[in-house]
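# A closer look at the structure
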Amino acid sequence: MSVIDTASLVLAQAAPEGSSMLGGILPIVLMFVILYFLMIRPQMKRQKEHRNMVAALAKGDEVVTAGGILGKVAKVTDSYISIEVADLADKPVEITLTKSSVTSVLPKGTIKAL
């Protein structure tokens, strides 16, 4: 047996087969698929729901902000809302917030029930 035949035999034995290469990549691909379905997809769904909720805000809605403030929407603009948080001497106290700071919309009458 010549040196060239021996070298080609060694290289042929050391070369990975197509199925073993696929077997090495498959777990990594599987981890990314699981990551997508367990973390990325639910987060995108929550973002879409929040975006739709913020777009549907209207005057008179009762909301809770990210800071925990409850109030009734008094005015809605493109990026901001004014929330009535209290009545002092029959004069409403309003604060202005960005629309994205609203975390949830409450059913009507919730604030009066508190």
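Owing to the predicted nature of the structure, the values given are computational and were not obtained by experimental measurement.

According to UniProt, the "transmembrane region" (unreviewed entry) feature falls on residues 20–39. Here residues 20–39 is 100% helix and 0% strand, with 29 Å between the C-alpha atoms at its ends.

Core analysis: the biggest nonpolar cluster contains 9 residues, these being M53, V54, L57, V63, V73, I81, I83, L97 and V102. Those elements that place two or more of their residues in this core are α2 (18–55) and β3 (80–88).

Looking now at the sheet that holds strand β2 (residues 70–76). On the basis of which strands lie adjacent, the open sheet formed by 5 strands has the order β4-β3-β2-β1-β5 and antiparallel pairing. Each of the sheet's edge strands pairs with one partner strand only, and the pair in question is β4 (91–98) and β5 (102–106). Going from strand to strand, the sheet's axes swing by 45 degrees on average, the running direction of each strand aside.

This brings us to the confidence of the model for the protein. Of the residues in the protein, 83% have a pLDDT of 70 or more, and the chain-wide mean is 86. Taken element by element, the predicted model of the protein shows its lowest mean pLDDT in helix α1 (residues 3–14) (52) and its highest in strand β1 (residues 62–65) (96).

What follows deals with the side chain of S101. Considering the arrangement of structural elements, one finds S101 in the loop between β4 and β5. For S101, a relative accessible area of 17% gives the class buried. Aside from chain neighbours lying at most four places away, what touches S101 is V64, T65 and A66.

If you check the backbone angles, A89 has positive phi at about 55 degrees while not being a glycine. With respect to the helices, strands and loops of the structure, A89 is situated in the loop between β3 and β4. Despite not being glycine, D90 shows a phi value in the positive range, around 60 degrees. By the secondary structure assignment, D90 is in the loop between β3 and β4. On the accessibility criterion, D90 (79% relative accessible area) is exposed.

Take the environment of A66 next. Mapped onto the fold, A66 is located in the loop between β1 and β2. It is 8.8 Å that separates the C-alpha atoms of A66 and S104, two residues lying 38 residues apart in sequence. Those residues in contact with A66 that sit more than four places away from it in its chain are S101 and T103.

Basis of the calculations
- Residues numbered from 1 in each chain as written.
- Predicted model: local features only at pLDDT ≥ 70, side-chain atom pairs only at ≥ 80, totals over all residues.
- Heavy atoms only, no water.
- UniProt positions renumbered as here; feature names shortened; annotations may be inferred.
- Helix = DSSP H or I, 4+ residues; strand = E, 2+ residues; numbered from the N terminus.
- Core = buried A, V, L, I, M, F, W, Y, C linked by side-chain atoms within 4.5 Å.
- Buried < 20%, exposed > 50% of the residue type's maximum accessible area, 1.4 Å probe, protein only.
- Pairing = 2+ DSSP bridges.
- Axes fitted to C-alpha atoms, helices over the stretch in contact; angles between N-to-C directions.
- pLDDT = per-residue confidence, 0-100.
- Contact = heavy atoms within 4.5 Å.

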